[in-house]
Amino acid sequence: MTVDAQSKLPRLGTTIFTEMTALAQQHGAINISQGFPDILPPQGLVDAAIRALQNGVHQYAPMAGRMDLRDWICRHHAQRHGAQYDPVRECTIGAGASSLLFAAIQAFVRTGDQVVIQTPAYDLYSPAVTLAGGQITEVPLLTADGTWHLDALLDAIHPDTKLVILNTPHNPTGTVCPPGFLDALAEHLEGNKTLILSDEVYGPIVHDGTDEVSLAQHPALRDRGITFGSFGKLLQVTGWKIGWAAGPPSLTAELRKVHQYDVFSTGAPLQAALANFLPTKEGKDHLDGLPKMYQRKRDRLLAGLKGTSWKWTPAAGGFFQVLDARNLIDGNDGHWAREWTRTHGVATIPMSAFYTPHTPQLRVCFAKENATLDAAIERLRHIASDHAH
Ligand SMILES: Cc1ncc(COP(=O)(O)O)c(C=O)c1O
């Protein structure tokens, strides 16, 4: 018997992250490719998780998430963005921000709907839109001088555009939505029914005093969209896969219709641990210190590469740095990222996996222990000296 296994995503293969991580393991290379910290989470959080397990929290959490954790999320948005969300009707906890982004796209996008995505983009958006039957319009995130390209985005948005997906701080470029960008977007959307999904999983991680920008803080946009956050990124627990979505009741209700038959609910003991840990002094201190910690990591990486042929614009947010390899190689960053994993023992992500940059570029993750960073720096310096023209 033959079965009909015709692919709904024929152009999709294994992601570059899986490939580079496997290659790093095969060659014993330092892995600064995939976006996960090798820094341990706060001890108090780990203790809280152990306590939850010992105290018998083993059964399903509520579909929309534990109420005390949803309360914390709404307080977080109120304190950081001056935005009021109702934990009962406007906040949902899921299996990482990914599951909720996916649920939102399935909930809102119908066959033929136009969805605007700024590229390069986090790799979930596009297949999720395709599965929902949507039509993707890609616009460049950045102008030639590296600033957010407002005109490209606005030009692509028509009165019948269904959805715009934003991401700030941005993966993979490390840029942050500039002040004024959301005002211009809000003005452009006046009278439109267009929805916005704002992926803010690196939310508070901004560097050099850059302003944190959130859809939640924008009065005209707050009710047009959903903001997404991730405890994985905030607490060095990406493997826990717990994230949230906050948005007005009408949008939240639709998102939950998909969430309840996809994920339903996630990690009850881990939600308990988060809810118990975050309001503690250790929890508050951790979040307060987060941007500084990552800025120091970024600075350590860039100081270590000073005087080499690598070029860069320092990341303004998140935990990725783009390194420009134009002085080292002529093109094909994909070939060289693989080659350098084998020959120089350091795995990175070629930016050409995301889009076609003007110059060969690599994305590196600096959310690493100093020892990992230092070893990676040494190897990146070797690459630079071996490729000096
Ligand atoms: C931009 C962006 N959005 C969403 C996610 C997924 O977050 P989570 O691990 O909470 O699903 C990631 C993780 O790398 C990301 O970089």
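### A look at the site of the ligand
Around the ligand, the neighbouring residues are Gly-96, Ala-97, Ser-98, Tyr-122, Asn-167, Asn-171, Asp-199, Val-201, Tyr-202, Ser-230, Lys-233 and Lys-241. Between an oxygen atom of the ligand and a side-chain N or O atom of Asn-171, the distance comes to 2.8 Å. Here an oxygen atom of the ligand and a side-chain polar atom of Lys-233 are 2.7 Å apart. Protein contact buries 93% of the 390 Å² of open area that the ligand shows by itself. Per element, the largest residue contribution to the shell around the ligand is 3 residues, and it comes from helix 4 (residues 96-108).

### Brief notes about the sheet that holds strand 5 (residues 163-167)
Strand order in the open sheet made by the 7 strands is 2-8-7-6-5-3-4, with mixed pairing throughout. Each edge of the open sheet is held by one strand with a lone partner, namely strand 2 (91-94) and strand 4 (135-140). Across the sheet, the axes of successive neighbouring strands diverge by a mean angle of 20 degrees, strand direction being ignored. Across the sheet, helix 3 (residues 67-81) touches strand 2, strand 7 (225-230) and strand 8 (243-246), and the angle it forms with strand 2 is around 120 degrees. Running over the sheet, helix 4 touches strand 2, strand 5, strand 6 (195-199), strand 7 and strand 8 and is turned about 160 degrees from strand 7.

### What to know about the side chain of Ser-265
If you trace the backbone, Ser-265 turns up in the loop between helix 10 (249-262) and helix 11 (268-277). Of the polar contacts made by the side chain of Ser-265, one reaches the backbone oxygen of Ala-61; its length is 3.1 Å. Apart from residues lying up to four places away in sequence, Ser-265 is in contact with Tyr-60, Ala-61, Pro-62 and Met-63.

What counts and how
Residue numbers here run from 1 along each chain, matching the order of that chain's written sequence. At least 70 in pLDDT is required for a residue's local features to be given in this predicted model, at least 80 for side-chain atom pairs to be given and counted, and no such filter applies to totals for whole chains, interfaces and linings, which use all residues. Based on all heavy atoms of the structure, the side-chain values leave hydrogens and waters out of the count. Being near a molecule or strand, for a residue, means having at least one of its heavy atoms within 4 Å of it. For this analysis, a polar contact is any N or O atom pair within 3.5 Å, provided that within protein one partner can donate a hydrogen and the other can accept it, and provided that sequence-adjacent residues contribute only side-chain to side-chain pairs. Each accessible area is a Shrake-Rupley result for a 1.4 Å probe, and residues are judged covered by the shown protein chains and nothing else. The helix count covers DSSP runs of H or I at least four residues long, the strand count covers runs of E at least two residues long, and both are numbered beginning at the N terminus. Criterion used throughout: strands pair if DSSP finds at least two bridges between them. Axis lines are fitted through C-alpha atoms, for helices just across the contact stretch, and the angle between N-to-C directions can take any value from 0 to 180 degrees. In what follows, a contact means two residues having at least one pair of non-hydrogen atoms within 4.5 Å.

Fair warning: the whole summary comes from geometry, so function is off the table for now.
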